[in-house]
Each structure stands twice: as structure tokens, then as C-alpha cells.
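# Secondary and tertiary structure notes
Chain by chain, the residues run as shown.
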Amino acid sequence: LDSRRYTENSIRTYVNHQRSLLKTAKLHGWDPDGNPTDAWKPLLKPAVEQRITDVVRHFARSMKSPKEVTKEAVDQWGEARIREGGMYTTVAHKKNEFWRLLQTTGWITTTPIHMLKFTPYGIPLEDMPTKLREEIATVLKWKMAPFARNRPKFGKIRAVTANNDRLILTQLTSFVVKIAGGNPQSLPDLIQQDNIEGFIEWVLSERHIKGHSVQGRLAGILAIVKHHPMFAGQDFTWFKTLLDSIPLEDESERKRRKALKYVGYDELEAIPAKIRAFREAYEKKRKQSPTRIAQLATEELIFRWFLVFPWRQRNLRECLVGGPAPNLFKARIPLISTLDKPHWIEEIEAENPAAEFWQISFTPSGTKTHIPVDLFLPRHLIQPLEQYLEVYRPLMLNGNDPGTLFVTPSGKRMRSDQVGKVIGHWTTLFASNRTTPHVIRDSVAYKWLKVHPMDFLTLSKILWHKNIQTTIRTYGARFNESSGACAMEEWLGQRPAYQQ
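Please read all numbers here as calculations on a predicted model, not as lab measurements.

The rules we used
Residues numbered from 1 in each chain as written. Predicted model: local features only at pLDDT ≥ 70, side-chain atom pairs only at ≥ 80, totals over all residues. Heavy atoms only, no water. Phe/Tyr/Trp six-rings, centres within 6.5 Å; stacked < 30°, edge-to-face > 60°. Helix = DSSP H or I, 4+ residues; strand = E, 2+ residues; numbered from the N terminus. Buried < 20%, exposed > 50% of the residue type's maximum accessible area, 1.4 Å probe, protein only. Expected span 1.5 Å × (residues − 1). Contact = heavy atoms within 4.5 Å. Pairing = 2+ DSSP bridges. Axes fitted to C-alpha atoms, helices over the stretch in contact; angles between N-to-C directions.

## Some points on the packing of aromatic side chains
A ring pair, where both rings are aromatic, is described by two values, the distance of the centres and the angle of the planes. Counting across every chain of the model gives 21 aromatic pairs. For the pair Trp311 and Phe362, a centre-to-centre distance of 5.5 Å together with 90° between the ring planes defines the contact as edge-to-face. Of this pair, Trp311 sits in the loop between helix H15 (290-308) and helix H16 (313-318) while Phe362 sits in strand S2 (residues 356-362); the two residues are 51 residues apart in sequence, bridging distant segments of the chain. Assessed through its relative accessible area of 5%, Phe362 is described here as buried. Taking the centre distance of 6.2 Å and the plane angle of 70° together, the rings of Trp344 and Phe357 count as edge-to-face. Within this pair, whereas Trp344 is found in helix H17 (residues 343-351), its partner Phe357 is found in strand S2, the two being separated by 13 residues in sequence. Cluster of aromatic residues (ring-pair linked, three or more members): Trp305, Phe309, Trp311, Phe362, Tyr388, Phe406 and Trp464.

Next comes the structure, spelled out in C-alpha cells:
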């Protein structure tokens, strides 16, 4: 009713009439639970307590028993709820609670594979033996230091990589202690061949982690033990051999899974305008939240940003607009500048040499590929950015500005999962598939190559790849023999001998 522009009084009247109707229906014997079978009845009371009656009632009406519930059916229910206007985070929470309810009531004997990521198993550092905890802190500090003895020239890692190494060490410790029955007191005690072999076998078979992921996580640990003085004199050739033996998923299967999340650029391009229309409709309500309006404006700009700048989302989340070294700032262009300027900047600068322009700058330590990035903000983002900074971002600050471009409704820095949920929610609502920020990079790349065939050099600069071969290897696969045939046909069609 709200989307059809009914007034608030009309909607309130409708709701009151509906409540009266439902109350009268109950007096005449109507059961809102839909006369569920005996198998479903024990789930209805805890469903009320956990606020998931809608999902339980849905399946109780369509299935005789909870054992008939499948992941696909629950996912379809969730997608339908989102398209009806439900928030992605709320729907995801209800789905997870529903699976937990099935597990606690005995309808599921083991944790579903897709729920394993919600059951962390690592032993926190503070719960580890003192020596082991201190040695982990020592090697991670050694890996992050600007210079460290015995460390290879390119062995320095960023804080995000150090966090990943810390996580895999806590998980390995948990396996050794809780599953294998060991009691490692130091890091050398932990990094033993039997422990690593058992851990790999367990995460592949029990946690169902993909081989590529396991290999990548443990490679970081191998990089530590090969060079840190703590492990001097030890032979770790077995470690490299072990990593090479991990079974990897077929590349075609990885591409198939990725294709399920793919959304074309043309389809994505229409979504920011739909988010704006959604916000404008909300702003017309009598009872509205300024913070909610600001949140919708934030999500619209995030989506628009990814379509113009297909960054890795960490750069988006950590982009600073304040402090001594902001990544996004408005300033005059230095007299000596190597940056390419679009025509509109040259025209303004010719009329006003003191004009200021929005610029973006990341140092090598701020990018995954360790390259410096300096550029001008495209004019397509200037107006929505300035409106966001002036009107909407201040509404979400809660006394303490984190300095990042994008903030949460409570004024904090955005986490990786929160950015993913923004893209996931709006693509579920307005696109053919729910997708992720990283898949949007693919959408931009493939659209660019479609319009600019074989222009991998420019694309590598758009994606901030250090080596053009990375761009060709990743996106050149789309150009196969059929692409060659199409190009030949188009070329021949332009030649006089073939125009008859």
C-alpha cells in the first residue's frame, strides 16, 4: 500500500480492519498456523520465542514434516521475503535461526554445511599457553615490521594478512587440542607435520573448506616458518610438498559457481536509481527516521561507486576523508603533476588556475598489489558524493568520527560483511541474481572488454592490477575461438569483396 502512494491514514485504517478480521476469524476457529501436522506442532512455541513464526508457518503449511525441508527451499523463501520488502540481514538471521531450531529439535543431527561458517572453532589467543601466545605475537610482528632480520625483501605483510595468519593459527591450535588431543606449548610444537596433515584432512572432510582456501591460508604459515629465526635449522620441505598435494577444485566448477552470482553491468547500472526512488518514497512518510534516510543514501552511493570504481572492497571501506593523510580530498592540482586530466578539468583550470578538484590517493601500503594510486574523481560521482558528505554522512555520526568515507548508521567503520550485505540486499531485490562486490568487478571488466575489445591495458589500470598478465589471465578466458570467429566475420563484412 505504501509503494502505491496511499496516505498513512488509509494504510492505518486498512491495518486496523485487518486486525479486526483476523481476531474475528480466530473466534470462529481459524488457525493462523494452518492446521500443522503433529511433526510441526512442537516447533511452533519456540518459533514464537525466536521470532521466526513466519518461516515455520510457511513450511508447516506446505510440508508434512521438517525432514522435508531443503536448503534450496529455505533460500527461495528468503529471496521471496526480500522481494516483498524484508531486510536482507533480518531474513538471513531468520534463516539461520530456523536451521538452529531444526537442529535443537532433533530434525537435523549434524550442522548443515552452509551453517558451518557460523560456528567458529578457533581457540582465542588469550586462552592459549603463555609461550605459544607470545610466539605467535612475535612472528606476526616480525612479518609486519618495515624491516626485519632474515625476512625476504618482499616478505612484509599487511595487517589484514596478519589477521588471516592469526586466524589460521588459532584454528590449527583448536584442532590439535580439541580434535587430535595434543597440548602444544610453543609455536614449534604446533607446526609439526602430523598436526598439519591432520588439520588439512579435517577441514577438507569435516568443515568442507575448499582446497584453494586451505592451501592459501597455510601458505602464509609456511612463509613464516621458512625464514623466522625461531625455526632455524629445521627442514620444512614436507610442508611445501603437503600443500602441493591438497586436492583443488576443478577450475570449471569454480567458474560455474561464480557464474551463478554474475549480473550484467547493464542490469547493475539501473539499481542506484531504484534505490534513490525507494529512498524518496520513504522520505514522503509522515513518520520517518533521518538515520534510515541517510543509510539509504549511503547504500545508493556505495552501489554507484562500485560501478564507477570497481575497487576491492577493503579500499572502499578504508578510504579516508579526514585526518593528516586522507585518501579522498579536494585540493588544487600541483603545478607539476603526472595525472591525466579529463577535458572538463582542463577547461575549468584554464579559467581558474586556483580551482580545487576531488582527488584520490593511495600509497603502495594501502593497495593489495602494493602500487601507488593517484587519480581524479570522475564527475559522475561528484554531485552524489558532495551531497552525501554535506547532508547524509553527518546524520549517522554518533559523536566520534572514524574518518572513513562510508560509515554505518551508528557512525562506525563498515565491516566487510556489511558492505557485502548492501550489495547482496539490493541485487536480490532488483537484479536477476544476488551478487557480491567482487563479482561486480567482473561485471565491469567484461562490459569494458565488450565495448573496448582486447583493451586489457586500460582495464588493468581500472582494476589496479600490477601486471597486465593478471588481467589477461583472469578476463581473457572470455575471449576464446568464438570471439575470434566473430571478429573475423565483422572484419570481413567491412571488406568490399565480402559485401555482395
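## Thoughts on helix H9 (residues 193-205)
If you check H9, its first and last C-alpha atoms are 18 Å apart, about what 13 residues at 1.5 Å a residue would give, namely 18 Å. Here H9 has its buried residues at Asn195, Ile196, Gly198, Phe199, Ile200, Trp202 and Val203. Looking at the buried positions of H9, the neighbouring elements they touch are helix H7 (159-179), helix H8 (187-190), helix H10 (211-225) and helix H11 (237-244).

## Thoughts on the sheet that holds S2
What the 3 strands build is an open sheet, ordered S1-S2-S3; its pairing is antiparallel. Both edges of this open sheet fall to strand S1 (328-332) and strand S3 (373-376), since each of them pairs with a single strand only. Sheet twist, expressed as the mean angle between neighbouring strand axes with direction ignored, is 35°. The pairing of S1 with S2 spans 5 bridges and is antiparallel. Pairing of Ala331 across the sheet is with Phe357, part of S2. The strands touched by helix H18 (residues 379-396) within the sheet are S1 and S2, with S2 carrying the most contacts at an inclination of about 85°.

No statement about biological role is implied by the geometric values presented.
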